[in-house]
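Now for the letters of each chain:
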Protein chains: 2
Amino acid sequence: MAPADIDSTEPASRRPYHHGDLRRAILTAALDVIAADGPAALSLRDLARRAGVSHAAPAHHFKDRTGLLTSIAAEGFGLLATTLREASDLKEAGVRYVRFAREHPAHFQVMFAPGLLRADDLELTTARALAGDALRESVSAVDPGDIDPRLAGVAAWSLAHGFATLLLGHNLDGPVGDKDPEEVFRTLAATLFR
Amino acid sequence: MAPADIDSTEPASRRPYHHGDLRRAILTAALDVIAADGPAALSLRDLARRAGVSHAAPAHHFKDRTGLLTSIAAEGFGLLATTLREASDLKEAGVRYVRFAREHPAHFQVMFAPGLLRADDLELTTARALAGDALRESVSAVDPGDIDPRLAGVAAWSLAHGFATLLLGHNLDGPVGDKDPEEVFRTLAATLFR
DNA sequence: GAGGCAATCTTGTCAGTGTCAAGTTGTGCG
DNA sequence: CGCACAACTTGACACTGACAAGATTGCCTC
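The shown structure was predicted, so the numbers you read here are calculated from the model rather than taken from an experiment.

## Describing the packing of helix H5 (residues 90-103) of chain B against helix H8 (residues 149-168) of chain B
All names here are of chain B. At a minimum axis separation of 9 Å, H5 and H8 run at an interaxial angle of 25°. Our classification of the angle between H5 and H8 gives roughly parallel. Once H5 is placed against H8, the crossing between them reads as right-handed. Counted together, Leu90, Gly94, Tyr97, Val98, Ala101 and Arg102 of H5 and Ala156, Trp157, Ala160, His161, Phe163, Ala164, Leu167 and Leu168 of H8 form the full contact between these two elements.

## Some words on the packing of aromatic side chains
Each aromatic ring pair is characterised by the separation of its centres together with the angle its planes make. Per the counting criterion, the structure on display carries eight aromatic pairs over all chains. Arranged with centres 5.3 Å apart and planes meeting at 55°, the rings of Phe108 of chain A and Phe112 of chain A form a pair that is tilted. Summarising the burial analysis for this pair, Phe108 of chain A and Phe112 of chain A share the class buried. Judged by centre distance (5.9 Å) and plane angle (90°), the rings of Tyr97 of chain B and Phe108 of chain B are edge-to-face.

## Notes on unusual backbone geometry
Here the phi dihedral of His170 of chain A falls at roughly 60°; this positive angle occurs in a residue that is not glycine. Positioned with a positive phi, Lys63 of chain B is a non-glycine residue whose angle comes to about 70°. Within the secondary structure, Lys63 of chain B is located in the loop between helix H3 (57-62) and helix H4 (65-85).

## Comments concerning the relation of the copies chain B and chain A
Taken as rigid bodies, chain B and chain A are interconverted by a rotation of 180° and an axial shift of 0.0 Å, the fit giving an RMSD of 0.0 Å. The operation mapping one copy onto its partner corresponds to a two-fold rotation axis. For chain B, the minimum C-alpha distance to the rotation axis belongs to Gly162 of chain B and amounts to 1.7 Å. When the interface residues of chain B are mapped onto chain A, 100% of them again fall at the interface, so both copies present the same face.

## Section: the confidence of the model for chain A
The predicted model of chain A has a mean per-residue pLDDT of 90, with 90% of residues at 70 or higher. Between residues 1-14 of chain A, whose pLDDT stays under 50, and residues either more than four places distant or in other chains, the model counts 10 contacts.

## What to know about the interface of chain B and chain A
Between chain B and chain A, the contact holds 31 residues from the first and 31 residues from the second. Across the chain B/chain A interface, buried area totals approximately 2700 Å², and carbon plus sulfur atoms make up 73% of it. Our count for the chain B to chain A interface comes out at zero salt bridges. Across the chain B-chain A interface, the total number found is zero residue pairs in polar contact (both at pLDDT 80 or more). Looking at the side of chain B that touches chain A, the elements that each hand over two or more residues are H8, helix H9 (173-176) and helix H10 (181-192) of chain B.

## A few points about the nonpolar core
By size, the foremost hydrophobic cluster in this structure holds 122 residues, and its most contacted members are Leu68 and Phe163 of chain A together with Leu68 and Phe163 of chain B. Sequence-distant contacts of Phe163 of chain B, defined by excluding residues within four places in its chain, comprise Val154 and Ser158 of chain A together with Val98, Leu172, Pro181, Val184, Phe185 and Leu188 of chain B.

The rules we used
- Every chain's residues receive numbers from 1 upward, in the order its sequence appears when written.
- Just so you know, chain letters begin at A and ligand numbers begin at 1, following the order they were written in.
- Whole-chain, interface and lining totals are the exception, using all residues; otherwise, since this is a predicted model, local features are given only for residues with pLDDT of at least 70 and side-chain atom pairs are given and counted only at 80 or more.
- Water and hydrogen atoms were dropped before computing side-chain values, which therefore reflect all heavy atoms in the structure.
- In this analysis, axes come from line fits to C-alpha atoms, helices being fitted only over the stretch in contact, and the angle between any two N-to-C directions falls in the range 0 to 180 degrees.
- Each helix is a run of H or I in the DSSP string that is no shorter than four residues. Each strand is a run of E no shorter than two, and both are numbered from the N terminus.
- Angle categories: roughly parallel below 35 degrees, roughly antiparallel above 145, roughly perpendicular from 65 to 115, and oblique for all the rest.
- Here is the rule for handedness: rotate from the far helix to the near one, and if that takes an anticlockwise turn smaller than a right angle the crossing is left-handed, while a clockwise turn gives right-handed.
- Residue contacts are counted whenever heavy atoms from the two residues lie within 4.5 Å of one another.
- Any pair of Phe, Tyr and Trp rings, taking the six-membered ring for Trp, is counted once the centres come within 6.5 Å. Such a pair is stacked with planes under 30 degrees apart, edge-to-face with planes over 60 apart, and tilted for the rest.
- Between buried and exposed lies partly exposed: a residue is buried under 20% and exposed over 50% of the maximum accessible area for its type, with that area taken using a 1.4 Å probe on protein chains only.
- We superpose the copies by least squares over the C-alpha atoms of residues that have a pLDDT of at least 70 in both of them.
- What pLDDT conveys is the predictor's confidence in a given residue, as a value from 0 to 100.
- Once two parts are brought into contact, the accessible area they lose, counted with a 1.4 Å probe and summed over both, makes up the buried area.
- Definition used for salt bridges: Asp or Glu carboxyl oxygen within 4 Å of a side-chain nitrogen of Lys or Arg.
- Each polar contact in these results corresponds to two N or O atoms within 3.5 Å; when the atoms are within protein, one needs to be able to donate a hydrogen and the other to accept it, and residues that are neighboring in sequence are counted only if both atoms are side-chain atoms.
- Note on terminology: a nonpolar core comprises buried Ala, Val, Leu, Ile, Met, Phe, Trp, Tyr and Cys residues joined through side-chain atoms within 4.5 Å.

What follows is the structure, encoded as structure tokens:
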């Protein structure tokens, strides 16, 4: 980060020409905005103002608005992959999926907003594939029984993803209330996958 | 609709001053755009051009960009409510939920994009409550067993919503392939809710 | 240490958009 | 018939994303 005593209102001449870590600064500012008001409220110029740089500076690191969002999504899939790998079994992976959505709501939203992303971006596709591998690994660790593992994977993913999505959209405020969402999901998964 | 021989390139003087059903025309055009490229690609001025009216005409019917999207969401919840009411049991309600998402992808996307909507809009909240009632009704119809009905509702909704969301985002193209998604969901729900 | 080079950031500009205000045209109702 | 209101237009303003061209800086090499 740049020195703390430098704010965006200061004239450009007194600020160092180089920010230091502008890329990271823009990313975190973007995550703040998205978590608060959604991806639609994102403005490159606003992010530039927050970082105290000129309006065209972000373009150098992300090229596009789409480029910025794509980077966020890729980072999100990376984080999700490492989180899922630490899960002991499938149910725990689901709990971690929900926790990820709650701890990184901005990442989560952007990751599953295909209209905002550059679908063929290399970083994105590889990160997404990594997360997919982690998910499949968790599924294969469970006792197969007589169920098609691919179907089981879709079922688990759908359940966790739906719960997380509805949670973030405040659609479960009624039923879940002030209970710990992860605990609710845990009992829910236990009842279903008995 | 306005007469078919009138296109937007024609000078305003030769077009009738009143469109006829501009509100509906804007809505359907918006649904087309959203289904194709997502809500982010929506432009009020573009919709006005498609309908062959001036750039400020849509504002008279929807006030805002947010107002337009809120109307779409409300319409969507209304459609979903009537669809769910026709379901015989809970599993069938889930299948209908998935079918709704596939047949009305634009509605579905907007309905669950809280950042784009006027949350306190009356039409929206009542339509949403109606759909919620329909869902709860489907849940209550199932044999309770020893499960908390609220938890069962959350489980069913999460599963259907997650499946539908992932499906629309092309995240299940691999596992589901060219199979009929509704049929996949049916067997999936049957295995889980046995 | 000096020179050059590429990365980083700035300034300027353009078309497009949402939104508001004020005016114009048509319609239905008393 | 006329009048009030709804539907639509015209005009304007601030804001945004994107591009081009120039300025500044750190770094790498000799």
